[in-house]
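A look at the structure
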Amino acid sequence: MRFYSTNSPSVTVSTEQALFQSMPADKGLYMPAPLPYLGADFFSAIADQSLADIGFAISQALFGDEISKSDLEDLTHHAFPFSTPVIELEAGKVGVLELFHGPSLAFKDVGARYMAGLMSYFSKQTDKEVNILVATSGDTGGAVAMGFHNVPGVRVSILYPSGRVSELQEKQLTTLGGNIQAFEVNGSFDDCQAIVKQAFVDAELNAHLSLSSANSINIFRLIPQGFYYVSAFGQVRSSGKPVVFSTPSGNFGNLSAGALVQKMGLPVSHFVAATNLNHVVPNYLKTGDYVPKASIATISNAMDVGSPSNFTRLSHLYDDRYDQFKANVSGYFFDDDETRAGMKRIYETYNYVSCPHTAIGIMGLEKYLADTKQDITGVALATAHPSKFKPLVEEVLNVSVEVPDRLAELAQREKNSIRISANYADFKESFLQTV
Ligand SMILES: *Cc1c(COP(=O)(O)O)cnc(C)c1O
């Protein structure tokens, strides 16, 4: 498989280069070149298998000429020891695809674990150590830390804003030890991101260290996210109706992954892009104008993105044509009051406890069903376990939410972080002492 940049489609790089480089030098986004068309029959044949086996079959089709069958099988089975079940809320009509049964309790596990497996595979081939730098406002860091923990040949440094992540999120970043090091920055998420960006252009660091990023524009986080759309399709297709997915979105990686696997031949009839007040994509669908904005803080904070970095990729998948984009995607957005009311109604109607992001996905699907009045099967993606937003969910629903054992256990462990200022020189000095 080769990859091209959306900014210069004629130049291609190898899988290994696109994986470790994350973003092309021309600031475009990597895409498979050409995107393989596997067809509806291929997906129908594998759709009833486990997530790991679906991942294995698609990975073989994509990377089978570069990575051996047994290595791909090990990689996918190690990455996906969990499943992504569809829970029916209304038989044959409304389902939720639960993507939170991995170690960090959010869908980001799927992309992070697969990418970790690939990086480990390639670093073993070359015998060189890779240093991953990642800035996080919460969820990404947890999935990356847990996904890369104990992965040979890879060291991970996570920068997070002190006092601005939840206690449980902080434990996910700071208690694993081994190859995972947390830098607690006396500053904001933007400060953390600025430090990481500066490290990538620091000639001195890059001269003797192999630095890489694990952010969500990396195409190898998106490819595996396509696997659970296939799994969901397998679980609902007996309805015989067209299948529509509703994806609660922020940076639009998750929806791009769906569009990617649709283009590879998975029979998806339509997508719903569901957002909070950061609604630049629903606005684009309404007006045809794409106008990025500064982000607004909401209760569905993992979707507080005003300038989604995967918009270009999604648009590219629809040939940069507004009519095609609109024919495949509908947009809906909800403010915080509507989200709280939705969480309540979903609980009262279906007896289903949802996190605010998941509630937005379900509400988007319901609006689409009401607007189009089509006889379809809708699947809303449940992106995080409600316990990740325990205080909010408990307050809105007046129920008690249990934290799954595997995460509750982390809360007992001791936090270990390196405290630094928001000054780059401070980070560099501490970082060099750890490598
Ligand atoms: C990251 C995240 C999202 C947004 O996903 P994108 O791929 O950035 O659109 C939604 N919900 C939760 C819980 C998340 O962690």
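Residues numbered from 1 in each chain as written. Predicted model: local features only at pLDDT ≥ 70, side-chain atom pairs only at ≥ 80, totals over all residues. Heavy atoms only, no water.

Re the site of the ligand
As a structural note, the neighbourhood of the ligand is formed by 15 residues, with Lys-108, Asp-139, Gly-250, Asn-251 and Phe-252 the closest of them. A distance of 3.1 Å separates an oxygen atom of the ligand from a polar backbone atom of Gly-253. Isolated, the ligand exposes 380 Å² of accessible area, and the fraction of that covered by the protein chains is 96%. (Near = heavy atom within 4 Å. Polar contact = N/O pair within 3.5 Å; in protein donor to acceptor, adjacent residues only side chain to side chain. Areas by Shrake-Rupley, 256 points an atom, 1.4 Å probe, with all protein chains shown as cover.)

Quick look at the UniProt feature "domain: Threonine synthase N-terminal" (unreviewed entry) in the chain
Within this numbering scheme, the UniProt entry marks residues 2-80 as carrying the feature "domain: Threonine synthase N-terminal" (unreviewed entry). Helix makes up 48% of residues 2-80 and strand 19%, with an end-to-end C-alpha separation of 25 Å. (UniProt positions renumbered as here; feature names shortened; annotations may be inferred. Helix = DSSP H or I, 4+ residues; strand = E, 2+ residues; numbered from the N terminus.)

A short note on the side chain of Thr-76
Mapped onto the elements of the fold, Thr-76 is located in helix α4 (residues 69-79). For Thr-76, a relative accessible area of 0% corresponds to the buried category. Once you skip the residues sitting within four places of it in the chain, Thr-76 turns out to touch Ala-52, Gly-55, Phe-56, Ser-59 and Tyr-114. (Buried < 20%, exposed > 50% of the residue type's maximum accessible area, 1.4 Å probe, protein only. Contact = heavy atoms within 4.5 Å.)

What about the side chain of Thr-383?
Along the chain, the position of Thr-383 falls in the loop between β13 (377-382) and α17 (390-397). Relative accessible area serves as the criterion here: at 6%, Thr-383 is assigned to the buried category.

A few points about helix α12 (residues 280-287)
Note: α-helices contain 3.6 residues per turn, so residues at a spacing of three or four share the same orientation. Among the residues of α12, Val-280, Val-281, Pro-282, Tyr-284 and Leu-285 are the ones counted as buried. Looking at the residues trailing α12, positive phi occurs at Gly-288, about 85°.

A look at the pattern of salt bridges
In the structure shown here, the tally under the stated rule is 13 salt bridges. The salt bridge partner of Lys-428 is Asp-202, with a shortest N-O separation of 3.0 Å. Taken together, the positions of Lys-428 in helix α19 (residues 424-434) and Asp-202 in the loop between α8 (189-200) and α9 (203-208) put the pair 226 residues apart, joining distant regions of the chain. Overall, Lys-428 belongs to the buried group, its relative accessible area being 15%. Residue Asp-202 is classed as buried on the basis of its relative accessible area of 10%. Bridged by salt links that share partners, the residues Glu-170, Glu-184, Lys-415 and Arg-419 form one connected network. (Salt bridge = Lys/Arg side-chain N within 4 Å of Asp/Glu carboxyl O.)

A word on the sheet that holds strand β14 (residues 417-421)
Pairing between the strands of a sheet is mediated by backbone hydrogen bonds and can be parallel or antiparallel. Ordered by their spatial adjacency, 5 strands build an open sheet running β9-β6-β7-β8-β14, and the pairing between neighbours is parallel. What marks the edges here is a single partner per strand, and that holds for β9 (210-213) and β14. When strand polarity is set aside, the average angle formed by the axes of neighbouring strands in this sheet is 25°. Inspection of the sheet shows strand β8 (residues 180-186) paired to β14 by 5 bridges, in the parallel sense. Looking across to β14, one finds that Ala-182 is bridged to Ser-417. With respect to the sheet, α19 is in contact with β6 (130-135), β7 (154-161), β8, β9 and β14, its orientation differing from that of β14 by roughly 155°. (Pairing = 2+ DSSP bridges. Axes fitted to C-alpha atoms, helices over the stretch in contact; angles between N-to-C directions.)

What to know about the sheet that holds strand β12 (residues 329-333)
Spatially, the 6 strands line up as an open sheet ordered β4-β5-β13-β10-β11-β12, and their pairing is mixed. The outermost strands of the open sheet, each flanked by one partner alone, are β4 (86-90) and β12. Strand-to-strand twist of the sheet, defined as the mean angle between neighbouring strand axes without regard to direction, takes the value 25°. Where β4 and strand β5 (residues 94-98) come together, 4 bridges link them in antiparallel fashion.

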